[in-house]
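Below, each chain spelled out in residue letters.
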Amino acid sequence: MTIGLYHPGQSALHRASAGAKLSALVVVSLALFVAPSIWVALASVPIAFAVYLATGAPFRRLMAQLRGPAILLGLVFVFHLAFGSVAEGVLAVTRFATLILLASAVTLSTPVSEMAELVEWGLGPLRPLGVNPEKVGLAIALAIRFVPLIAEEFRHIREAQAARGLAANPLALIVPLVIRTLKSADELADAIEARGYER
Amino acid sequence: MIVLEAVSHDFEDRPVLAEIDLALPERRIGIVGANGSGKSTFARLLNGLVLPKQGRVLIDGVDTARDVKAIRRKVGFVFQNPDHQIVMPIVGEDLAFGLKARKIPKGEIDTRIDAALARYDLGHLRERPVHLLSGGEKQLVALSAVLVTDPEIVVFDEPTTLLDLRNRNRVAAAIDALPHPAIVVSHDLELIAGFERVLMIEDGRVAADGLPGEVLPFYRERMR
Ligand SMILES: Nc1ncnc2c1ncn2[C@@H]1O[C@H](COP(=O)(O)OP(=O)(O)O)[C@@H](O)[C@H]1O
Ligand SMILES: [Mg+2]
């Protein structure tokens, strides 16, 4: 299974700090949208693609990960052809393609804990307003940790139901999935406490 | 040493543990009993995840109800399902989790993680996503993440139940080699056959207490 997750490696991107990478991402996105030049947008795609490849993740995984966004961008392009102009379509698609490639390069090369730390740091000033940055950081890490677990539960439940001859019925899948997920979450909460995390 | 003084517990008035008095100085203690007999509740009393409704639980003289922070430092807990114990998506990050909670400095965190993973030859897994590990690897990572925080006692709640034989053997060997005192709840009787003491729990009471050679045959007989 491939999720847009961290891929360990030694690339220059991996060595850069999470803060630097995210700041660069923000600057590039702003620049792309401030400069309405189709040539800048067109030129940025191969550069962003090179950055994406520079993460050093396996080529097949990198390509597979682009399938979903590519379909989406195709739809965006068709939408512009229908309701706008070719130039607008090209501009929109190239801008988004650049952003998707760069954002993926950041997630591929940045461990979750670093992202969480950055978020914790960024939310620090909100502490007096009652925001607990450590909790937000933990929540992000847990959400990412839980994605493959929920996917696996989903498979188990579907198999169990299929084995009993039940047709795939969304409600029949969702109810046990929610119950099991809540139970796992309960156990996970105990584990977090047992491991010395203080609320 | 672990001491339970007249401990009783109930969940919403349903009694789960009744009048338990025990002193547990041994280094290897097994707990057996049928499903729902109260083993997990008993195990959870030992690290303060469950606080007794009556009586006291003392770890080296510290009351679990008084100083839960100190208890969490003393008692490590390994759950049945490592998927519900491992908090972070990457192995190394998960080992760092308990250390960060204890405010250990960054440089020290790094060296301690390396040492903890090396104990079970898991160094190569440090950067791996947890969801791609085998069941046995996950359980050993969960155990490493507990040991890296340097507890004085380790409690295991059915650590081998979800594992295939090879992984079960790896985890059993790890428990065997552990220098720490350990309390192990298990249906895997072979795992605790060599322990110093075995308790059998039945309907929330200690129904048998002694050497494995005495308690395990009695337990097998009861479960027929
Ligand atoms: N958090 C809880 N809330 C309510 N009832 C519980 C809770 N935890 C355990 N129980 C009940 O307490 C009894 C003993 O459970 P447990 O200690 O998990 O037994 P064992 O581990 O031996 O299977 C069971 O009847 C169980 O349903
Ligand atoms: Mg249990």
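Residues numbered from 1 in each chain as written. Chains lettered and ligands numbered in written order. Predicted model: local features only at pLDDT ≥ 70, side-chain atom pairs only at ≥ 80, totals over all residues. Heavy atoms only, no water.

Side note on a nonpolar patch on the surface
Here is step 1: Taken together, the side chains of Val26, Leu30 and Val34 of chain A present a nonpolar region at the surface, about 310 Å² in accessible area.
Here is step 2: Tracing the chain through its elements places Val26 of chain A in helix H2 (residues 18-34). (Patch = residues over 30% accessible without salt bridge, like charges linked within 9 Å, V, L, I, M, F, W, Y side chains within 5 Å. Areas by Shrake-Rupley, 256 points an atom, 1.4 Å probe, with all protein chains shown as cover. Salt bridge = Lys/Arg side-chain N within 4 Å of Asp/Glu carboxyl O. Helix = DSSP H or I, 4+ residues; strand = E, 2+ residues; numbered from the N terminus.)

A word on the sheet that holds strand S3 (residues 28-32) of chain B
Residues and elements named next belong to chain B.
Here is step 1: The sheet built from six strands is open, its strands ordered S6-S7-S8-S3-S9-S10 with mixed pairing. Only two strands of the sheet have a single partner each, and these edge strands are strand S6 (75-78) and strand S10 (205-210). Along the sheet, successive strands turn relative to each other by an average axial angle of 20°, direction set aside.
Here is step 2: Direction of pairing for S3 relative to strand S9 (residues 197-202): parallel, over a ladder of four bridges. Opposite Ile31, over in S9, you have Leu199 as the bridge partner. (Pairing = 2+ DSSP bridges. Axes fitted to C-alpha atoms, helices over the stretch in contact; angles between N-to-C directions.)

Comments concerning the domain arrangement of chain A
Here is step 1: The assigned domain composition of chain A is domain 1 (12-110) and domain 2 (125-194).
Here is step 2: A C-alpha centroid distance of 30 Å is found between domain 1 of chain A and domain 2 of chain A. (Domains from an automatic or database assignment.)

Considerations on the interface of chain A and chain B
Here is step 1: Taken together, the contacts link 28 residues of chain A with 28 residues of chain B.
Here is step 2: Between chain A and chain B lies a buried interface of about 2600 Å² when both sides are counted; carbon and sulfur atoms form 56% of it.
Here is step 3: At the boundary of chain A with chain B, the tally comes to six salt bridges.
Here is step 4: Seen at the junction of chain A and chain B, the total is 12 residue pairs in polar contact (both at pLDDT 80 or more).
Here is step 5: Ranked by the residues each element gives to the side of chain A that touches chain B, the list is headed by helix H8 (residues 170-194) of chain A, at eight residues.
Here is step 6: Looking at side-chain class alone, the side of chain A that touches chain B contains 18 nonpolar, three polar and seven charged residues. (Contact = heavy atoms within 4.5 Å. Buried area = accessible area lost by both parts, 1.4 Å probe. Polar contact = N/O pair within 3.5 Å; in protein donor to acceptor, adjacent residues only side chain to side chain. Nonpolar A, V, L, I, M, F, W, Y, C, P; charged D, E, K, R; others polar.)

Some remarks on the nonpolar core
Here is step 1: Counting residues in hydrophobic clusters, the biggest one holds 45 residues, and the most contacted among them are Val32, Val91, Leu95, Tyr120, Phe156, Val184 and Ile192 of chain B.
Here is step 2: Here the element with the most residues in this core is helix H5 (residues 135-147) of chain B; it accounts for seven residues.
Here is step 3: If sequence neighbours within four positions are ignored, Val184 of chain B has contacts with Ile29, Gly30, Ile31, Phe156, Pro159, Ile175, Leu191, Ile192 and Phe195 of chain B.
Here is step 4: Of all hydrophobic cores here, the second largest spans 30 residues; its members include Ala194 of chain A together with Ile20, Leu49 and Val57 of chain B. (Core = buried A, V, L, I, M, F, W, Y, C linked by side-chain atoms within 4.5 Å. Buried < 20%, exposed > 50% of the residue type's maximum accessible area, 1.4 Å probe, protein only.)

Overview of the packing of H5 of chain B against helix H6 (residues 165-177) of chain B
Residue and element names in this part refer to chain B.
Here is step 1: As a packed pair, H5 and H6 sit with axes 9 Å apart at the nearest point and diverge in direction by 20°. Judged by the angle between their axes, H5 and H6 are roughly parallel. As for the relative orientation of H5 and H6, their crossing is right-handed in sense. Along its contact with H5, which presents Gly136, Glu137, Gln139, Leu140 and Leu143, the element H6 presents Asn167, Arg170, Val171 and Ala174.
Here is step 2: Of the residues contributing to the contact of H5 with H6, the split by class is four nonpolar, three polar and two charged. (Parallel < 35°, antiparallel > 145°, perpendicular 65-115°, else oblique. Left-handed = near helix turned anticlockwise from the far one by under 90°.)

Observations regarding the site of ligand 1
Residue and element names in this part refer to chain B.
Here is step 1: Near ligand 1, the surroundings consist of Phe11, Arg14, Val16, Ala34, Asn35, Gly36, Ser37, Gly38, Lys39, Ser40 and Thr41.
Here is step 2: With respect to ligand 1, the backbone of Gly36 contributes an N or O atom lying 2.7 Å from an oxygen atom.
Here is step 3: Here an oxygen atom of ligand 1 and a backbone polar atom of Ser37 are 3.3 Å apart.
Here is step 4: Burial of ligand 1 by the surrounding chains reaches 63%, relative to a free accessible area of 570 Å².
Here is step 5: Put simply, ligand 1 lies in the second largest pocket.
Here is step 6: Residue assignment for the shell around ligand 1 shows that the elements contributing at least two residues are strand S2 (14-24) and helix H1 (39-45).
Here is step 7: Per-element tally for the shell around ligand 1: the top contributor is H1, with three residues.
Here is step 8: Considered class by class, the residues forming the shell around ligand 1 number three nonpolar, six polar and two charged. (Near = heavy atom within 4 Å. 1 Å grid on protein atoms, 1.4 Å probe; cavity = no way out; pocket = protein on both sides within 12 Å on 5 of 7 lines; lining within 4 Å. Sits in = over half its atoms within 2 Å of the grid points.)

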